[in-house]
Structure formats: structure tokens, C-alpha cells
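Descriptive structure summary
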Amino acid sequence: MQEDQPLGQASAQIDRARHDRCLRPSIAGFFDEATNTVSYVAHDPKTHEAAIIDSVLDFEAASGRTSNGSADRIIEYITSKNLKVTWLIETHAHADHISAAPYLQEKLGGKLAIGRGIIRVQEVFGKLFNAGTDFERDGSQFDKLFDDGETFRLGELESIALHVPGHTPADMAFVIGDAAFVGDTIFMPDFGTARADFPGGDAHQLFRSIRRLLSLPNETRLFLCHDYKAPGRDDYAWETTVGQQRESNVHVKDGVTEDEFVEMRTSRDKTLAMPNLIMPSVQVNIRGGRLPDPEDNGVSYIKIPVNAV
């Protein structure tokens, strides 16, 4: 079997951070109950450099109005901690909420980043929404496209990007110190895993991506993008560990085979409705969180393809 060098690099980085507290990020989570999304601010306690991960722009579908309450909570936190934003990271092009990255970038600065797989997502959804030739399908709406195994710094903290496709082709996990921000690959152990039936999704790929993440050291902190409160649990939760997932994840704990997972995931996905905000979210998020260009009346419009999905 070919050695997974990026995984080895990530594991070594996590081990170093586990043995030296100065190499671990401080992390704050911001839960948006309307979309069940968790946004994060991770920062280097020494340099105060910060990354904002998977931010949320509030959107009222019935009226088509946006607002910035969720993003402003993050701004207040960053201001109160005297942090300097250097990265605005998207783990993937979300189908259940609109990114607030452009608003936050305007207020706080930083580079907007996503995985290079966004180009494939732009191709697929650019056609679905008939975005036209003016819509660039090359990821140029983002400041940085990360490749698998690419390293970066958050202040003095070691960080690495891992490609974890399956939910979508563009999903990335970003490991900062000893903490992995895993997007929509996996949920809390009592809830399971993400769906794999969106265009470009693949349950086989998702299983392999999750098992890749679960090959990191057991102590690795995992920060999840969503929580839906599994039956019997009263509180929202979004932090777990590799060891906890391997021991008890209801879909993909140790001992579950790829074929068993794919059969479960495929059957389960057939019962799931599309996310309420999939049409506005994907349309905006493939543009880096920017609304479609205004039409000649100065108004931006969201398209809904009829009988096309």
C-alpha cells in the first residue's frame, strides 16, 4: 500500500502539538441554530493570528433578505480578543447555509481559502444554474486554493490541509496544531456521518476519507461543521476526538466495512430531503460567498432550476 505522506505529516504535527501546549490553537465555536452550523475562530495564543472557519450569513428564504447577526458575533469576539484575521477558510461549498466570508473579509481582512476541488463543483453547478460565460470556473473567486497535503501557518502554529472528498468533491479537513476542522465528513458519534448524494458525492469516497481522518492520533480534536442533536441527546455538541469516533460512531466505528457503510449511506440518503437553503447556498458559495451580479435594475437574483435536480 502506498504511503499517505500528508496523513503522516498531519499525524506528526498533532503529536508535536500534543506534547507542547504552545503549538495548540485556542478555539471558539459559534452555533447557528437556524442552519445547525458551527463556525469557528481558531487563533494562535502567542501571535493572536486567527482563522475564521465556515462562517454563516443569515438568510431569510421567504423574503430573500440577508443580515449579518451571526457574522457580527464573530467580529465582536475577534475585536474583544484583539485578534488579527489572516485566513477565512471554507471546508467546502456548503449546501445548507451561505458563507459570510466576503463580509468578514471586508471588516477584518484575511485570505479567503478553499480546496482546489471547488473548480469541479463550479463546473457542475455552473451548468445547473446556467451561470453563463461571465462566471469563472477556475476558483478565482477565492484567494487561495489548497491542495492535499499543503502546509500553511496560523501565526506560529503548524497547519496542513487534507482532501477528504465524498460529501462533495471539494471537501477539505484543515488541521491546525492538534485540532482538525472536518467540515461535513462526520458528525458526533451518536449521529453518524454526512450524506453523499449531492452532485459529485460518492459514498465509497466518503468512507475512505473518514477512515483517513480516523487514522490520525486518537487524541486529535475533531471540530464538526454541524450538529442536529441525536435522539436522546438534549444539547448541541460539536467537538469530539478520533478515539471517540473510532469507538462509537454509529455509522463508521472500527469494524464497519466499506460495503456495509455504502449500503447504509445509500439507503439512508434516499430518504433525505434536500436542504432548505441548497439553491441560494450553492449559487452564492461557488462564488466565494458573493451574490450573483445585479441585473439591470440593480437587484441580485437567486435562480431556482425547475425539475432539474
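Structure shown above.
These remarks concern the structure in this document. Treat the numbers as computed from the prediction; the structure is a model and nothing was measured.

1. Points about the sheet that holds strand β12 (residues 179–181)
Strand order in the open sheet formed by 6 strands is β9-β10-β11-β12-β13-β14, and the pairing between neighbours is mixed. Taken across any chain shown, the strands that pair with only one partner, and hence form the sheet edges, are β9 (151–154) and β14 (239–241). The mean angle between the axes of side-by-side strands here comes to 30 degrees, regardless of whether they run parallel or antiparallel. Inspection of the sheet shows β9 paired to strand β10 (residues 157–163) by 4 bridges, in the antiparallel sense. Pairing of Arg 153 across the sheet is with Glu 158, part of β10. The strands that helix α1 (residues 5–19) touches are β9, β10 and β11 (172–176); relative to β10, the one it contacts most, it runs at about 150 degrees.

2. Here's the deal with the sheet that holds strand β2 (residues 37–43)
With mixed pairing, the 6 strands of this open sheet are ordered in space as β1-β2-β3-β6-β7-β8. Each edge of the open sheet is held by one strand with a lone partner, namely β1 (26–32) and β8 (144–146). When the angles between neighbouring strand axes are averaged without regard to direction, this sheet yields 25 degrees. One ladder, built from 4 bridges, connects β2 with strand β3 (residues 49–53); its direction is antiparallel. Each residue of the ladder has a partner; that of Val 41, found in β3, is Ile 52. In this fold helix α2 (residues 69–81) packs onto β1, β2, β3 and β6 (84–89), with an angle of close to 160 degrees to the strand it touches most, β1.

About the criteria used
- Residues numbered from 1 in each chain as written.
- Predicted model: local features only at pLDDT ≥ 70, side-chain atom pairs only at ≥ 80, totals over all residues.
- Heavy atoms only, no water.
- Pairing = 2+ DSSP bridges.
- Helix = DSSP H or I, 4+ residues; strand = E, 2+ residues; numbered from the N terminus.
- Axes fitted to C-alpha atoms, helices over the stretch in contact; angles between N-to-C directions.
- Contact = heavy atoms within 4.5 Å.

Remember, this is a structural readout, not a statement about activity or role.
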